[in-house]
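Structural characterization, general
Chain residues, written in single-letter form:
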Amino acid sequence: MVETAGGGPGDGTAEVLDRPLPDGVRRRVVQIVSDGFGGLTVAELPAQLRQYARFTPTRRAKFAGNAMAAALETEPLFRQRIGEKFREAQPELSGALDSGSPPPAADPLDVAAAAYVLRPAGWVKLVTAAGEEAQRADAERADEESRAELERLRAELDRSREQIRTETERLRSELESAKREAEVLHRKLRAALSDVKRGEAALRRVHGEIEAVRTEGAAQVSAAESESRRLKARLGEAEAALEATRRAVREGRSVEDMRVRLLLDTLLDAAQGLRRELALPPVSVRPAETVDAVEPGRMTPKDIAARALSENDPAILDQLLALPQAHLVVDGYNVTKTGYPQMPLEKQRLRLLGQLSALAAQTGAEVTCVFDGAELAAPVLLAPPRGVRVLFSKPGVTADELIRQLVRAEPPGRPVIVASTDREVADGVARAGARPVASAVLLKRLS
């Protein structure tokens, strides 16, 4: 029993095809509509199709194809009636589609067209798969045609070469025969002519030599022109390659300029920070005041107790982030699974990013948080908080490797702090010039 045009919860009427119907499937759909068209009365046809009621199926498919396809898509009742006619004509295929298991031996285009008309559950996948199969078949057919054309051209080339060789041999044979005949004629002519005719014979020989020289000169000129064109083409290719090389050099130089500029900004900010920290009045300092000595009433270095911070003291992180142009790189899941592993990954990310945003606002440092993309079932849709750059590793690349790439991308001399408990990550970034900090220290600072 076919359901009404509204559809039921188990069919595919709610599914929507998000791309144009493939040409092969569309032709089969138009054929199905044309075949079922004749079994309907004029009253059962949509208004725009009633003018084609008396057409033969072939003429309907030719002249009313677009109108039938549009009516099938926009008129659910018309599609239901066509589906009923198709079920009567193709009960086996219709039953297989309703059960969700189309026949393996059936043509994918026929299956997709029937699914488009009947709209069983999953019909969009069948139509999409049929379109991809048709594209693959067209590509294979085009490849076979290209190969056949290539073989034909090769055969024609071989035949042309053979004809050229045959013609060359024939011309050479005729040339040799002509030379022999000319030699005989010359000998007879020299024997028959008197001394008066010798000058004329010599003149003819001179004219022949001049003509040969002209012919050879024309051939050399033609060869020189061909070589000139070839050299011009190679010069154009060399100029294009040179321009591409220059462009690549300019692009590479722009990256190096960015790194140098960032390092220069780091040094300038550091110098400004030192100037503020030292606060030395340039006018009041005298050379004698630079000599290390103990003035009366002042404390010596021995009177000041040595002070140091523990590796687990969050104050270390504050001191590091206070450095000019500091860049904090956070191993996201390493930190969240250290601090709150019982929470879902999504809530772990949101909580950590919110805390890092507040830290970035307090310190003014650049903050980058790296998550492992391998644990994602689908792309993450989130807006990075203000002041925090959020990165996910690509497929096949771990978050540890992405962190090492970020550290290597920084210019030498810029303070880079990496928050991670992973020993391998810490050792790797330390060798690259970064300062590793345990995840627990960052968590203490954030809390």
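Source: prediction; values computed, not measured.

1. Observations regarding the packing of helix α10 (residues 332–339) against helix α11 (residues 345–363)
Two numbers describe how α10 lies on α11: the axes approach to 10 Å, and their chain directions differ by 100 degrees. One element, α10, and the other, α11, form an angle in the roughly perpendicular class. In contact with Gly-332, Tyr-333, Val-335, Thr-336 and Lys-337 of α10, α11 contributes Leu-345, Gln-348, Arg-349 and Leu-352. Broken down by class, the residue content of the contact of α10 with α11 amounts to four nonpolar, three polar and two charged.

2. Let's talk about the nonpolar core
One finds Val-29, Leu-72, Phe-78 and Ile-82 to be the most contacted residues of the largest nonpolar core, which totals 31 residues. Elements represented by at least two residues in this core include exactly α1 (23–37), α3 (65–74), α4 (76–89), α5 (91–98), α6 (108–118) and α7 (123–192). Top contributing element to this core by residue count: α6, with nine residues. Setting aside chain neighbours within four positions, we find Leu-72 in contact with Val-29, Val-33, Phe-78, Arg-79, Ile-82, Tyr-116 and Val-117. Counting 28 residues, the second largest nonpolar core, distinct from the first, contains Val-388, Val-437, Val-441 and Leu-443.

3. Digging into the sheet that holds strand β5 (residues 435–437)
Across the sheet, five strands lie side by side as β3-β2-β1-β4-β5; this open sheet has parallel pairing. The outermost strands of the open sheet, each flanked by one partner alone, are β3 (388–392) and β5. In this sheet, neighbouring strand axes are inclined to one another by 20 degrees on average, regardless of whether the strands run parallel or antiparallel. Across five bridges, the pairing between strand β1 (residues 327–331) and strand β2 (residues 366–371) is parallel. By the bridge assignment, Val-329 is partnered in β2 with Thr-368. Taken strand by strand, α11 contacts β1, β2 and β3, and its axis lies near 165 degrees from that of β2.

4. Points about helix α9 (residues 314–321)
Residues Ile-316, Leu-317, Leu-320 and Leu-321 constitute the buried set of α9. Along the axis of α9, the buried positions cluster into a sector of 130 degrees, meaning they face one direction only. Of the surrounding secondary structure, the elements contacted by the buried residues of α9 are β1, α11, β4 (416–419), β5 and α14 (439–446). Its side-chain oxygen placed 3.0 Å from the backbone nitrogen of Ala-315, Asp-313 serves as the N-cap of α9.

5. Observations concerning the pairing of β1
With five of five residues buried, β1 lies mostly within the body of the structure. The side-chain alternation of β1 yields two buried faces, one formed by His-327, Val-329 and Asp-331 and the other by Leu-328 and Val-330. Of the strand pairs in this sheet, β1 and β4 are connected by four bridges, and their pairing is parallel. Bridge assignment links Leu-328 to a residue of β4, and that residue is Ile-417.

6. A few points about the side chain of Ser-357
If you trace the backbone, Ser-357 turns up in helix α11. Overall, Ser-357 belongs to the buried group, its relative accessible area being 17%. Within the structure, Ser-357 has its side chain in polar contact with the backbone oxygen of Arg-386 (distance 3.0 Å). The contacts of Ser-357, once residues within four sequence positions are left out, are Pro-385, Arg-386 and Val-388.

7. Quick word on the environment of Arg-26
Checked against the element boundaries, Arg-26 lands in helix α1. Residues Arg-26 and Ala-112, 86 residues apart in the sequence, show an inter-C-alpha distance of 9.3 Å.

8. Details of the packing of aromatic side chains
One pass over the full model with this rule turns up two aromatic pairs. Positioned above the aromatic ring of Tyr-333 is the side chain of Lys-337, whose terminal nitrogen or guanidinium carbon lies 5.5 Å from the ring centre.

9. Regarding the confidence of the model for the chain
Per-residue confidence for the chain averages 78 on the pLDDT scale, and 81% of its residues sit at or above 70. Contacts of residues 289–307 to residues separated by more than four positions or lying in other chains number three contacts, the stretch itself having pLDDT below 50.

10. Notes on the environment of Ala-270
Position of Ala-270 among the secondary structure elements: in helix α8 (residues 195–278). For the pair Ala-270 and Gln-325, spaced 55 residues apart in sequence, the C-alpha separation works out to 8.1 Å.

11. Overview of the side chain of Thr-368
As for its placement among the helices and strands, Thr-368 is situated in strand β2. According to the relative accessible area criterion, Thr-368 is buried, its value standing at 1%. Sequence-distant contacts of Thr-368, defined by excluding residues within four places in its chain, comprise His-327, Leu-328, Val-329, Val-330, Arg-389, Leu-391 and Leu-406.

Criteria and thresholds
In this convention, every chain numbers its residues from 1, walking through the sequence in written order. It should be noted that, the model being predicted, local features are given only for residues of pLDDT at least 70 and side-chain atom pairs only at 80 or more, the latter also being counted only at that level, while totals for whole chains, interfaces and linings use all residues. By convention in this description, side-chain values take in all heavy atoms of the structure and omit both hydrogens and water. The convention used is that axes are lines fitted to C-alpha atoms, helices contributing only their stretch in contact, and that angles between N-to-C directions extend from 0 to 180 degrees. Strands are runs of DSSP state E lasting at least 2 residues, helices are runs of H or I lasting at least 4, and numbering of each runs from the N terminus. Convention used here: angles under 35 degrees read as roughly parallel, angles over 145 as roughly antiparallel, angles from 65 to 115 as roughly perpendicular, and any remaining angle as oblique. In this analysis, two residues are considered to be in contact whenever any of their non-hydrogen atoms come within 4.5 Å of each other. When residues are sorted by character, Ala, Val, Leu, Ile, Met, Phe, Trp, Tyr, Cys and Pro go into the nonpolar class, Asp, Glu, Lys and Arg into the charged class, and all the rest, Gly among them, into the polar class. Only buried residues count toward a nonpolar core, which is a set of Ala, Val, Leu, Ile, Met, Phe, Trp, Tyr and Cys residues joined through side-chain atoms within 4.5 Å. Think of it in three bands: residues with accessible area under 20% of the maximum for their type are buried, residues over 50% are exposed, and the middle band is partly exposed, with areas taken using a 1.4 Å probe on protein chains only. Two strands form a pair only when DSSP identifies at least two bridges running between them. As used here, the arc is the angular range of directions from the helix axis to the C-beta atoms. In protein, a polar contact requires one atom able to donate a hydrogen and another able to accept it; more generally it is a pair of N or O atoms within 3.5 Å, and residues adjacent in sequence count only if both atoms are side-chain atoms. Note on aromatic pairs: the rings of Phe, Tyr and Trp (six-membered ring only in Trp) are paired at centre separations within 6.5 Å, and the planes decide the class, stacked below 30 degrees, edge-to-face beyond 60, tilted for the rest. Look at NZ for Lys and CZ for Arg. If either is within 6 Å of the ring centre and within 35 degrees of the ring normal, a charge sits over the ring. pLDDT is a residue-level measure of predictor confidence that goes from 0 to 100.

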